[in-house]
Amino acid sequence: MDIFSIVGFVVLLVIVARQRSQLAKIERELGELRKLVVPGNAESALKPAETLAAEPSPLTSSEALLEGRPDGGPQTSEPEDVQESAASGPWGSPAAIRDEETVSEPTGEDGAANPEEQTKKPDIETALGTRWAVWVGGVALALGGLFLVRYSIEAGIFGPGVRLAMAAILGLVLTGGGEFIRRTGFKVPIEGAAGAFIPAILTAAGAFTLFGTVYAAHGIYGFIGPAAAFILLGLIGIATIAAALVHGQALAGIGLLGALATPILVSSQSPNPWALFGYLAIVLAATGFIARVRRWSLLMAAAFAGVGLWIVLYMVEAPMPGFGVLVFINVVVLAVLGFVWLGTEPGPSEARVGFDLTSIAPAIFVAAATLLLFAEPRFAEIGGAWPAAIIVAAMIGTALFRPRALPVLYGAALATVFAYLKITPLAETSIGLSGYATVDTVPVTVVADATMIRIGVVLGLLFLGAGLWSARRHVASSLAQSASWTAWTAAVPLAIMLSLWVTFGDIDRDFVYAAVTLLLLAVLVAGGEWIARAEEPPHTGGLAVSFALAGAGLAAVLMLHMAFGSGLTTVLLGAAAVVPALATRWRSYPVLGWIAAGAVVAVLARIAFDPTIVGAEFLSRTPVFNGLLPGYGVPAVAFGFAAWQLARTTNGRPRLVMEAGAALFALLGVAMLVRHAMHGGVIDDGPVSLAEQAIYTLIALGAGAILISIDMRSPSSVLRYGSLIVGVVSALTIVSQHFVILNPLFTDESTGRIPVFNLLFLAYLLPAAAAGALAYYARGKRPKWYSSMLALMGALLAFAYATLSVRRSFKGEFIALWSGMEQVETYSYSALWLLLGVVLLVVGVRFSSYVLRIASAALIAIAVLKVFLFDMSELEGVLRALSFIGLGAVLIGIGLFYQRLLSRAPKQG
């Protein structure tokens, strides 16, 4: 009785809600009529009669809504008997085909006249009385049938056969009731209640009941065998999907779910994969035709995903899957996508609208199956590579002739790339406990190198031919299509070539693979030019052409590594930057400059891998004239020439990259040559000495001056910012290395036995002069802070040189602090610092340098503090007196100097 009470309450609620909604609707319609007859409404009264007659009435709009017409226009003028006869046809009339997705709000003038009612949302009462009541009613029917069967079992009233017959009759009654209500002109009286389509709910409940009946007859009671159960469940599922044409997409989803679950519900002692995937192919094709008629993309994607899951499940669980059935079902999936779902495409013009989202599902699952056939050892050992290649070819064909199936191209390309990368020894790299990478032997997926090589050649040619042709076909109409095809046209053959070379070729030098890669380079260059001719306007150098030429650049890098040794590869990579730069004389493609810039990155990667260029064991010990000179010098010269050429053609950011590369490699080359000479012809990771660091500092300061000079003649942001960066780095290096880390006061490094030209001269006086000269040269050419920073560094280096030279005159070759300090030496520092303060003051006034004058004041202040705080307690006798006398004389002299300077200022003004 509890169940009947709930059902009675729900029915009562539905009746009350419908009555109230009908009354509300009548009130709204009366209000509309009242507006038309009110005398004060002049505009409505003055409307022509024919205009009012042409406007749809509220009732007409509501009926149009229920009939599935989004425009809210008037009904056709056909007689009722004609409409009824059309409704009884195989597909039903527009009034019979109700789909909740096609129902929209009325857009006639009646809706525009009442914006408040048009934007009014259904209240909770409408939701409870319409949609929720119908949904709960459908669930209640299904549960009622279940409880009835359960009660009959517990009470022992009927036997299994009778119960199953009653359940089947209930399912048929529910399905027939839904169809009866639909054909008798069922209307939804409330706006927003189209989702609660009662015929669809009844049909879904009937489908569930029939599914359960057949499954119980087979799986629980054994009344029917596996074959009969399989056929019946499949027919119910397909019939349910077909019924969705008149009942909506939700019912199609229920039927699809039941059809896909049928192989799980029906067990067999000797499963037949051909029967399984033949059945799934029929389900997929039927779903595809129905989804295409109604354009149900979600249903189509669900069907592709369901079949794809069955494919992957079969490959994972089956002891030894059959390759033939796998090729069959994957080709069927692609055929349903290309000929059924996308079969209405007229041709390449459809590419303008982008790609079809539904095709992502088959692309993912077919690519996963292909990758398993390629890479799974138990498949590869018995020849799974050729079936995988056939599926890849089918994917390429689908994407080629159905442009909107573009995701299938991505799936085919990614599956191929990952499959070939999997065969390389690098795929078996493992990290040991010690942290070192160890490369194992070639994996078992490689059965025969000849097989993988032949498949690689076939797939590479297939991607090249189809990709270049399709890219040219779409280059004027679709950027996404042309760019995607060209990108994978370059990437897939390059990945195949790299994998085959690493796995089967000679990693040191292999002219055969180098020749094939050179041929690939030529094909990509010619293909890019062929595509460029079809651009609008021609030879624009768009994204498709850019991908083709970029692939050619990568092929050139790969070819050089295959054909030449370490040292020559680095030199040729640098020189190769000239080729795309010169090509800009004939074609102003933007990508050419970036290909030249890519050469900078490639050479940097080579140098990071081996800074000695030719290998440490082959590097000559001869200073300057060794492998480092061409290894760093040729790229620097080539990059400089490429920058010069690009500045006269395409210009832009690639030119700046080439300028920066030229400057960087010039500095690196000089630095490496200095280190080579300072370490006896050996490039290692030993500690840097102060002399070596001094040379690096001089190089950096000189490079800053060179960059400023070039920038003044040929302005460039790279040169401008590069000079600033070099100056800042130089200042930081001076502070950290010269004053702290490598200072002989702290390291006790030998300063040399020569009185003047010693380590102090090289490490402090020369950098001081260089910093001061650069500060003077940069005035007016660089920001004020830049010149001030370098002037301060020069003053500090001069101060350090003078101070350390005094220390050396007392201590000799080794001047470490822990050797102590005498009274005369202490006095000498005071005198020296005062003298330096005066010199800095004169130089600062002479060159109008505020920084030097401030440094002079700071140095003199330090000397004053030293005299009063240190000399007074440490010095004795005449030295103490001379210290104070000298300090007083210097301070008085400075005061007189400033007074005279200030007295001249008004006269000069």
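Quick summary incoming for the structure in this document.

Conventions and cut-offs
- Residues numbered from 1 in each chain as written.
- Predicted model: local features only at pLDDT ≥ 70, side-chain atom pairs only at ≥ 80, totals over all residues.
- Heavy atoms only, no water.
- Salt bridge = Lys/Arg side-chain N within 4 Å of Asp/Glu carboxyl O.
- Helix = DSSP H or I, 4+ residues; strand = E, 2+ residues; numbered from the N terminus.
- Buried < 20%, exposed > 50% of the residue type's maximum accessible area, 1.4 Å probe, protein only.
- Core = buried A, V, L, I, M, F, W, Y, C linked by side-chain atoms within 4.5 Å.
- Contact = heavy atoms within 4.5 Å.
- Patch = residues over 30% accessible without salt bridge, like charges linked within 9 Å, V, L, I, M, F, W, Y side chains within 5 Å.
- Areas by Shrake-Rupley, 256 points an atom, 1.4 Å probe, with all protein chains shown as cover.
- Axes fitted to C-alpha atoms, helices over the stretch in contact; angles between N-to-C directions.
- Parallel < 35°, antiparallel > 145°, perpendicular 65-115°, else oblique.
- Nonpolar A, V, L, I, M, F, W, Y, C, P; charged D, E, K, R; others polar.
- Phe/Tyr/Trp six-rings, centres within 6.5 Å; stacked < 30°, edge-to-face > 60°.

Oppositely charged side chains are able to pair whenever their charged atoms sit close together. For the structure shown, the criterion picks out four salt bridges. Measuring nitrogen to oxygen at the nearest pair gives 2.6 Å for the salt bridge that ties Arg 655 to Glu 659. On the criterion of helical spacing, the pair formed by Arg 655 and Glu 659 is a turn pair, its members being four residues apart in helix 28 (residues 653-678). Judged by relative accessible area, which is 10%, Arg 655 ranks as buried. Residue Glu 659 is classed as buried on the basis of its relative accessible area, which comes to 12%.

This part is about the nonpolar core. Membership of the largest hydrophobic core comes to 126 residues, with the highest contact counts inside it found for Phe 277, Ile 311, Trp 485, Phe 639 and Met 658. When residues in this core are grouped by element, the largest group, twelve residues, is from helix 15 (residues 323-341). The residues touching Ile 311, leaving out its near neighbours within four places in the chain, are Phe 277, Leu 326, Ile 329, Asn 330, Val 333 and Ala 369. Listed in part, the 42 residues of the second largest apolar core include Leu 690, Ala 768, Ala 771 and Leu 852.

A grouping of Tyr 776, Leu 835, Val 839, Val 843 and Phe 847 is seen on the molecular surface, where their side chains present a nonpolar patch of about 450 Å² in accessible area. Per element, the largest residue contribution to the nonpolar patch is three residues, and it comes from helix 34 (residues 823-846). For Val 839, the position within the fold is in helix 34. For Val 839, a relative accessible area of 40% gives the class partly exposed.

A word on the packing of helix 13 (residues 273-294) against helix 15. Helix-helix packing: each pair is described by the crossing angle between the helix axes and the interaxial distance. Two numbers describe how helix 13 lies on helix 15: the axes approach to 10 Å, and their chain directions differ by 5°. As far as their axial angle goes, helix 15 and helix 13 are roughly parallel. On helix 15, the residues touching Pro 273, Trp 274, Phe 277, Gly 278, Ala 281, Leu 284, Ala 285, Gly 288, Phe 289, Ala 291 and Arg 292 of helix 13 are Gly 324, Val 325, Phe 328, Ile 329, Val 332, Val 333, Val 336, Phe 339, Val 340 and Trp 341. Within the contact of helix 13 with helix 15, the residues separate by chemical class into 17 nonpolar, three polar and one charged.

Quick look at the packing of helix 24 (residues 566-575) against helix 27 (residues 628-647) now. The N-to-C vectors of helix 24 and helix 27 enclose an angle of 10°; their axes lie 8 Å apart at closest approach. Relative to helix 27, the element helix 24 is oriented roughly parallel. The segment helix 24 lies against helix 27, with Thr 570, Val 571, Gly 574 and Ala 575 engaging Pro 630, Gly 631, Val 634, Pro 635, Ala 638 and Phe 639. Grouping the constituent residues of the contact of helix 24 with helix 27 by class yields seven nonpolar, three polar and no charged.

Before going further, it helps to examine the environment of Ala 303. Tracing the sequence through the fold places Ala 303 in helix 14 (residues 297-317). Judged by its relative accessible area of 1%, Ala 303 falls in the buried class. The spatial distance from the C-alpha of Ala 303 to the C-alpha of Ala 285 is 9.3 Å, given a sequence separation of 18 residues.

Tracing the chain through its elements places Thr 370 in helix 16 (residues 360-375). Look at Thr 370 and you get buried, because its relative accessible area is 0%. Not counting residues within four places of it along the chain, the set of residues in contact with Thr 370 comprises Ala 388, Ile 391, Val 392, Met 395 and Ala 415.

Within the element layout of this structure, Ser 787 appears in helix 33 (residues 784-811). Judged by relative accessible area, which is 10%, Ser 787 ranks as buried. Setting aside residues up to four positions removed in sequence, Ser 787 forms contacts with Ala 775, Ala 778 and Arg 779.

Here the structure, examined in full by the defined rule, presents six aromatic pairs. Centre to centre, the rings of Tyr 410 and Trp 488 are 5.7 Å apart; their planes meet at 85°, and the pair counts as edge-to-face. Here the residue Tyr 410 occupies a position in helix 19 (residues 406-422), and Trp 488 occupies one in helix 21 (residues 479-504), the gap between them amounting to 78 residues. For Tyr 410, a relative accessible area of 33% translates into the label partly exposed.

Cis geometry marks the peptide bond from Glu 536 to Pro 537, where omega comes out at -5°. Residue position: Pro 537 is located in the loop between helix 22 (511-533) and helix 23 (543-563). Within the chain, His 539 stands out as a residue other than glycine whose phi angle is a positive 55°. Relative to the helices and strands, His 539 resides in the loop between helix 22 and helix 23. A positive phi angle is found at Ile 613, which is not glycine, with a value near 70°. Looking at where Ile 613 falls in the secondary structure, it is placed in the loop between helix 26 (590-609) and helix 27.

Treat this as a map of the structure, not an account of what it does.
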